[in-house]
Amino acid sequence: MKEKRETKDIWTVGFALFAMFFGSGNLIFPSYLGRMIGTDYWQGLIGFMITGIGLPLLSIMATAKAEGEFSHITHQVGKVFSVILMTVLILSLGPFLAIPRTAATTYEIGIRPFFPNLNALIVIIIYFAINLALVLRPSAIVDLIGRFLTPVLLVILLILIIKGILVPIGPITGNRMPSVFATAMIEGYQTMDALGAVCFGNIIVSSIRARGYEKRDEIIGVTLKSSLVAVIGLGIIYGGLMYLGTHTGHIAGNMEKTELITMLASQILGSWGSILLAIAVTIACLTTSIGLTMTTATYFSDLFNNKKLYPIVATVTCLISIFIASMGVDRIIGITGPALNILYPLIIVFVIISLIEKSPRPIVYGLPVYVTLIIVVVEEGSKLMGNEILSFLPLSSFGFSWLIPAAA
């Protein structure tokens, strides 16, 4: 009986975690990457999955090991550093980048193709009103997402992928992207899943505890198994969407990432394709937005040790997100890149050390973290000024100039 209950909990939490991860970036980037890499599909898929699936799984494991609080790991470098890093991370995943992107994607894929004259701001305001209403009732969120919304999302995407594989819309074209493997890894950053994993950890661990799992080993075990459900689902969807994208190279002209996935749906499934995609996008984006808004509100209410801040922060997060979402998906992605190029390497260093270091010591974290921070900040700053002064470092041409110094 206990094993049956645990299996049910693993699938429910796993589906919830999948839905929290699977937002706008997970939907629009794989197909676009597939369009660019064409015949180099497998090379690109492996690179994308390393950062899009491997890192989130490791991040969840590290967060579960820290009992759902990634700040316990970052504290090894110092309390002030930890607060600054986690605050920047939460704000990036929250109202300044990831949450607005979900609303903008919902409008561009789910609403605009059917109602082109409908004001984007009206749609975005309604979107965040629904988001806020669900966030203020957090106790039912994981069950709602895991039992009902995620299966619907998966079925729609699988129908699209299977039909697209059986009846391709065109031939697979040649690669148009240099350094496919390294570029695909960097593209995997844009899913923001590894960053989300260290923040969703608290929600997932709290949900598992609420189901009656109290022992640390039990919590880690259920978290890991649930994570495997989520990442296997992500892998199937990523691989499928990327493969569909490899068949679009024959279509001339530049396309927005949201236009590409909309075109795929209509070409593969006909007039119903756009409708099914709109439903899938709305579910994917809303579930991710709910999880991120909850995470943001929980973080700041815990930071100031005041639970009454939860609804206030959630409301402010939605208001800020409304303003930024009105900029559109492509403009938000343009802002996201430099931020992720700084945050991702730091999180990777923390995650790897926390998993291999049995007795945490500040020096073991501090030295590689600060070396990484200096390199990525200088590198991104020099790019903005048009003078890449760290190009002499190994792997700099692939976007990983920090890797060997941090490892050393």
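Residues numbered from 1 in each chain as written. Predicted model: local features only at pLDDT ≥ 70, side-chain atom pairs only at ≥ 80, totals over all residues. Heavy atoms only, no water.

S.K.: Just to check I follow, could you spell out the overall build of the chain for this structure?
M.R.: When you go through the chain residue by residue, the secondary structure sums to 17 helices and 0 strands. Its C-alpha atoms give the chain a radius of gyration of 21 Å, within 12% of the compact-globule value 22 Å for 408 residues. Each principal axis of the C-alpha atoms in the chain carries an extent, and together these give about 55 × 55 × 45 Å. Classification of the 408 residues of the chain by burial places 56% in the buried group. Taking contacts inside the chain between residues at least 6 apart in sequence as the whole, the part at least 24 apart equals 84%. Entry remark: accessible area of the chain is about 17200 Å², with carbon and sulfur atoms responsible for 69%. Counting 25 positive and 21 negative side-chain charges, the chain places the centres of these two groups 6 Å from one another. (Helix = DSSP H or I, 4+ residues; strand = E, 2+ residues; numbered from the N terminus. Rg over C-alpha atoms; globule rule 2.2 N^0.38 Å. Buried < 20%, exposed > 50% of the residue type's maximum accessible area, 1.4 Å probe, protein only. Contact = heavy atoms within 4.5 Å. Areas by Shrake-Rupley, 256 points an atom, 1.4 Å probe, with all protein chains shown as cover. Lys, Arg positive; Asp, Glu negative; His and termini not counted. Charge placed at Lys NZ, Arg CZ, Asp CG, Glu CD.)

S.K.: Honestly, the packing of aromatic side chains in this entry has me stumped. Any pointers?
M.R.: In this description, a pair of aromatic rings is defined by centroid distance and the angle of the planes. Under the defined criterion, the tally for this structure stands at 9 aromatic pairs. Relative to Phe-350, the ring of Phe-81 has its centre 6.3 Å away and its plane inclined at 45°; by these criteria the two rings are tilted. With a gap of 269 residues between them, Phe-81 in helix α5 (residues 79-96) and Phe-350 in helix α15 (residues 329-356) connect regions that are remote in the sequence. With respect to class, Phe-81 is no different from Phe-350; both count as buried. Ring geometry for Tyr-127 and Phe-128: centres 5.1 Å apart, planes at 85°, overall edge-to-face. Each member of the pair, Tyr-127 together with Phe-128, is buried. In textbook terms, an aromatic cluster arises when at least three aromatic residues are bridged by ring pairs, as seen for Phe-70, Phe-81, Phe-350, Tyr-365 and Tyr-370. (Phe/Tyr/Trp six-rings, centres within 6.5 Å; stacked < 30°, edge-to-face > 60°.)

S.K.: Sorry if this is basic, but what is going on with a nonpolar patch on the surface here?
M.R.: Together, Phe-114, Phe-115, Leu-118, Ile-122, Ile-126, Ile-130, Val-152, Trp-272, Ile-275 and Ile-279 make up a nonpolar patch on the protein surface, roughly 910 Å² of accessible area in all. Tracing the sequence through the fold places Ile-130 in helix α7 (residues 120-135). (Patch = residues over 30% accessible without salt bridge, like charges linked within 9 Å, V, L, I, M, F, W, Y side chains within 5 Å. Salt bridge = Lys/Arg side-chain N within 4 Å of Asp/Glu carboxyl O.)

S.K.: What exactly am I supposed to notice about unusual backbone geometry here?
M.R.: As a rule of thumb, non-glycine residues mostly have phi less than zero, and peptide bonds are mostly trans rather than cis. Although it is not a glycine, Asn-305 sits at a positive phi angle of roughly 50°. Tracing the sequence through the fold places Asn-305 in the loop between α13 (271-303) and α14 (309-325).

S.K.: In this structure, what is going on with the nonpolar core? I would like to understand it.
M.R.: One recurring pattern in soluble globular proteins is that nonpolar side chains are buried together. Judged by nonpolar contacts, the single largest core of 124 residues is most densely connected at Phe-22, Leu-89, Phe-128, Leu-241, Phe-350 and Trp-402. For Phe-350, the contacting residues outside a window of four places in its chain are Phe-70, Ile-73, Thr-74, Val-77, Phe-81, Leu-85, Tyr-365 and Val-369. (Core = buried A, V, L, I, M, F, W, Y, C linked by side-chain atoms within 4.5 Å.)

S.K.: Would you explain the state of the cysteines in this entry?
M.R.: Should the sulfur atoms of two cysteines be covalently bonded, the bond is a disulfide. Tallied over the entire structure, the rule returns 0 disulfides. Free of any disulfide, Cys-285 has its nearest cysteine sulfur in Cys-318, 14 Å distant. Residue Cys-285 is classed as buried on the basis of its relative accessible area, which comes to 0%. (Disulfide = S-S within 2.5 Å.)

S.K.: It is not clear to me how the confidence of the model for the chain should be interpreted in this structure. Could you clarify?
M.R.: Note that predicted coordinates carrying low pLDDT should not be read in detail. With 94% of its residues at a pLDDT of 70 or more, the chain shows a mean pLDDT of 83. Of all secondary-structure elements in the chain, the lowest mean pLDDT belongs to helix α8 (residues 141-166), at 75, while α14 reaches the highest, 94. (pLDDT = per-residue confidence, 0-100.)

S.K.: Please clarify how the packing of α5 against helix α6 (residues 98-111) should be interpreted in this entry.
M.R.: At a minimum axis separation of 3 Å, α5 and α6 run at an interaxial angle of 25°. It follows from the interaxial angle that α5 and α6 lie roughly parallel. Note on element contacts: α6 touches α5 through Ala-98, Ile-99 and Pro-100, opposite Ser-92, Leu-93, Gly-94, Pro-95 and Phe-96. Here the contact of α5 with α6 is composed, by residue class, of 6 nonpolar, 2 polar and no charged. (Axes fitted to C-alpha atoms, helices over the stretch in contact; angles between N-to-C directions. Parallel < 35°, antiparallel > 145°, perpendicular 65-115°, else oblique. Nonpolar A, V, L, I, M, F, W, Y, C, P; charged D, E, K, R; others polar.)

S.K.: How should helix α3 (residues 41-65) be read in this particular structure?
M.R.: Quick reminder: α-helices carry 3.6 residues per turn. Residues three or four places apart thus point the same way. End to end, α3 covers 35 Å across 25 residues, agreeing with the expected 36 Å (1.5 Å per residue, within 8%). The largest bend along α3 reaches roughly 40° and is located at Met-49. Two residues or fewer after α3 comes Glu-67, characterised by a positive phi angle close to 60°. (Expected span 1.5 Å × (residues − 1). Bend = angle between axes of the 7 residues up to and from the residue.)

S.K.: How do you make sense of the packing of α13 against α14 when you look at a structure like this?
M.R.: Each pair of packed helices can be summarised by the angle the axes make with each other and by the distance between the axes. Where α13 meets α14, the closest approach of the two axes is 8 Å, and the angle between their N-to-C directions is 130°. Classed by the angle they form, the pair α13 and α14 counts as oblique. Between α13 and α14 the crossing geometry is right-handed. On α14, the residues touching Thr-293, Met-294, Thr-296, Ala-297, Thr-298, Phe-300 and Ser-301 of α13 are Leu-309, Tyr-310, Val-313, Ala-314, Thr-317 and Cys-318. (Left-handed = near helix turned anticlockwise from the far one by under 90°.)

S.K.: Even after reading the chapter, I still don't get the environment of Lys-308, so can you show me in this structure?
M.R.: Mapped onto the elements, Lys-308 comes out in the loop between α13 and α14. Residues Lys-308 and Ile-332 lie 24 residues apart in sequence; the distance between their C-alpha atoms is 31 Å.

S.K.: Help me understand the pattern of salt bridges, please; the structure alone is not making it clear to me.
M.R.: Using the criterion set out here, one finds 2 salt bridges in the structure. A salt bridge links Asp-302 to Lys-307; the nearest nitrogen and oxygen atoms lie 2.7 Å apart.

S.K.: Hey, could you run me through the side chain of Thr-87 in this one?
M.R.: Mapped onto the secondary structure, Thr-87 falls in helix α5. Judged by its relative accessible area of 18%, Thr-87 falls in the buried class. Only 2.8 Å separates the side chain of Thr-87 from the side chain of Tyr-299, close enough to count as a polar contact. Setting aside residues no more than four positions away along its own chain, Thr-87 makes contact with Tyr-299, Phe-300 and Leu-303. (Polar contact = N/O pair within 3.5 Å; in protein donor to acceptor, adjacent residues only side chain to side chain.)

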